[in-house]
Amino acid sequence: MTGERWAAASDLVIRAGGYAVLVVDRDGRTVFARYASGFGPATAVDIASAQKGVVSLLLARSLTRHRLARTTAVSDILRPGWSRAPRHPEQDITLAHLLGMTSGLTETLEPASPAGRAWAYSNASIHLLKHVLTTLHGTDLDTLSHELLFAELGVGARWLPRRTLDGAGIVTGPLGGPVYALVASAGDLARTGHHLLTTSPHPPALGDAAGPPRPNPAWRDGWWLARGAPHQLPDNTWHDRPLVGSAPQDAYLAIGAGLNRIWVLPGSGLAMAWLGPRTGNLAMPELATVDEPFFATVTLERKRHAAG
């Protein structure tokens, strides 16, 4: 019966254009797997902004290795002049500001507000952090990612230059070089979620998670808090409701355009991965609707295990 409920819940993802749904438990066992026709365990795609959660894990390990702090200025790693801001505001921007989306810079790296004051969703910040990582390690993203994290988790994901949606060219970033996409399978995402399930009962934070309130209560250093409220969305609109009201209180996730998700449910002992296209983005209110049957199934699973 539980398998039928998982299958019914996954139907919504598949019908919305998703390629895969994979659920694993705390022991790493597969609870449920579903692939759309023509796709399978070897399918790997550009997971879009779900990569932000992975970059946060890489950065945390890199800082530990290099004995750096979240308050390290970006200018201490990249040469001054890495942005289009004047020298003084630029030198105030830290690694935590970039990952926390509070750098005060626009997508073209122009100054918009003092660092730390306001939250604004930023792809440029994550691309800059990848440049920080390659500068610190003196090697490419693929090599350092496998050395720092992927080999340990058994993740086979690759960083590849992102192609334009028509496939005719390469997307360039704020520094003029190519934007690198993380191409991963559902298994890669599930293994990443499982790692967090066993190590991070709360969304991983770059530094002290119990620090002062953050400008966007639903965002924590590359990860979304499912029950974060109020929350500010990437389109900069504010909402008083939780991000995903049907989710468990402790649930958190990485979200990528289309249907790319890494869900971590610490209290339920589950991690979920969705794989989908980079286009046809499922808006967050719609995401909450699709998620509801999943969390109804998760609740039933918890009750079944408690009774058994």
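Definitions and cut-offs
Residues numbered from 1 in each chain as written. Predicted model: local features only at pLDDT ≥ 70, side-chain atom pairs only at ≥ 80, totals over all residues. Heavy atoms only, no water. Helix = DSSP H or I, 4+ residues; strand = E, 2+ residues; numbered from the N terminus. Buried < 20%, exposed > 50% of the residue type's maximum accessible area, 1.4 Å probe, protein only. Expected span 1.5 Å × (residues − 1). Core = buried A, V, L, I, M, F, W, Y, C linked by side-chain atoms within 4.5 Å. Pairing = 2+ DSSP bridges. Axes fitted to C-alpha atoms, helices over the stretch in contact; angles between N-to-C directions. Contact = heavy atoms within 4.5 Å. Polar contact = N/O pair within 3.5 Å; in protein donor to acceptor, adjacent residues only side chain to side chain. Phe/Tyr/Trp six-rings, centres within 6.5 Å; stacked < 30°, edge-to-face > 60°. Left-handed = near helix turned anticlockwise from the far one by under 90°. Nonpolar A, V, L, I, M, F, W, Y, C, P; charged D, E, K, R; others polar.

Chemist: Describe unusual backbone geometry, listing the residues and the values that go with them.
Modeler: Note the cis peptide between alanine 229 and proline 230, where omega equals -10 degrees. Mapped onto the elements, proline 230 comes out in the loop between strand E7 (223-225) and strand E8 (231-232). Even without a glycine there, the phi angle at arginine 67 is positive, about 55 degrees. Inspection of the secondary structure puts arginine 67 in the loop between helix H2 (51-66) and helix H3 (87-91). The exposure class assigned to arginine 67 is exposed, which follows from its relative accessible area of 80%. Although it is not a glycine, methionine 101 sits at a positive phi angle of roughly 65 degrees. When you line up the elements, methionine 101 lands in the loop between helix H4 (95-99) and helix H5 (123-137). Taking relative accessible area as the criterion, methionine 101 reaches 2% and is therefore assigned buried.

Chemist: An account of H2 is needed here, citing residue identities and associated values.
Modeler: The first and last C-alpha atoms of H2 sit 22 Å apart over 16 residues, in line with the 22 Å expected at 1.5 Å per residue. Considered for burial, the residues of H2 that qualify are Gln51, Lys52, Gly53, Val54, Val55, Ser56, Leu57, Leu58, Leu59, Ser62 and Leu63. Backbone geometry just after H2 places arginine 67 at a positive phi near 55 degrees.

Chemist: Talk me through the nonpolar core; I want residue IDs and the actual numbers.
Modeler: Nonpolar side chains in soluble globular proteins generally cluster together in the buried interior. Of all hydrophobic cores here, the largest spans 87 residues; its most connected members are Trp224 and Trp263. Examining the composition of this core, we find that 7 residues originate from one element, H5, more than from any other.

Chemist: Give me the sheet that holds strand E4 (residues 158-161): which residues, what numbers.
Modeler: Spatially, 3 strands are ordered E3-E5-E4 in an open sheet, and the strand pairing comes out antiparallel. Since the sheet does not close on itself, it has two edges, and those belong to strand E3 (44-46) and E4, each with one partner. Between one strand axis and the next, the sheet turns through 35 degrees on average, direction left out of account. In this structure, E4 lies alongside strand E5 (residues 180-185), joined through 4 bridges in antiparallel fashion. Within E5, the position partnered with leucine 160 by the bridge is alanine 181. Contacting E4 and E5, H2 crosses the sheet at an angle of about 100 degrees to E5. Those strands touched by helix H6 (residues 141-153) are E4 and E5, and its axis lies near 160 degrees from that of E4.

Chemist: Talk me through the pairing of E5; I want residue IDs and the actual numbers.
Modeler: Counting buried positions over the 6 residues of E5 gives 5, a clear majority of the element. Bridge analysis of E3 against E5 gives 3 bridges, and the strand direction is antiparallel. When the sheet's bridge partners are listed, aspartate 46 is paired in E5 with valine 183.

Chemist: Account for the side chain of histidine 231, with residues named and values stated.
Modeler: Checked against the element boundaries, histidine 231 lands in strand E8. Within polar-contact distance, the side chain of histidine 231 engages the backbone oxygen of glycine 228 at 3.5 Å. From its side chain, histidine 231 meets the backbone oxygen of arginine 241 in a polar contact 2.7 Å long. Contacts of histidine 231, omitting those with residues within four sequence positions, involve Asn216, Ala218, Thr237, Trp238, His239, Arg241, Pro242 and Leu243.

Chemist: Got a sec to walk through the packing of aromatic side chains? Specific residues and values, please.
Modeler: Counted according to the given criterion, the structure contains 10 aromatic pairs. A ring pair is formed by tryptophan 6 and phenylalanine 32, whose centres lie 6.3 Å apart and whose planes are at 20 degrees; its orientation type is stacked. Linking tryptophan 6 in helix H1 (residues 2-15) with phenylalanine 32 in strand E2 (residues 30-35), this pair joins segments that are 26 residues apart in sequence. Each member of the pair, tryptophan 6 as well as phenylalanine 32, carries the same accessibility label: buried. Members of the aromatic cluster, connected to one another through ring pairs, are Trp119, Tyr121, Trp219 and Trp224.

Chemist: Which residues make up the packing of H2 against H5, and what values go with them?
Modeler: Relative orientation of the contacting elements H2 and H5 amounts to 35 degrees, with a least axis distance of 10 Å. Crossing of H2 against H5: the hand is left-handed. For the pair H2 and H5, the contacting residues are Gln51, Lys52, Val55, Leu58, Leu59, Ser62, Arg65 and His66 in the first and Asn123, Ile126, Leu129, Lys130, Leu133, Leu136 and His137 in the second. Its residues assigned to classes, the contact of H2 with H5 comprises 7 nonpolar, 5 polar and 3 charged.

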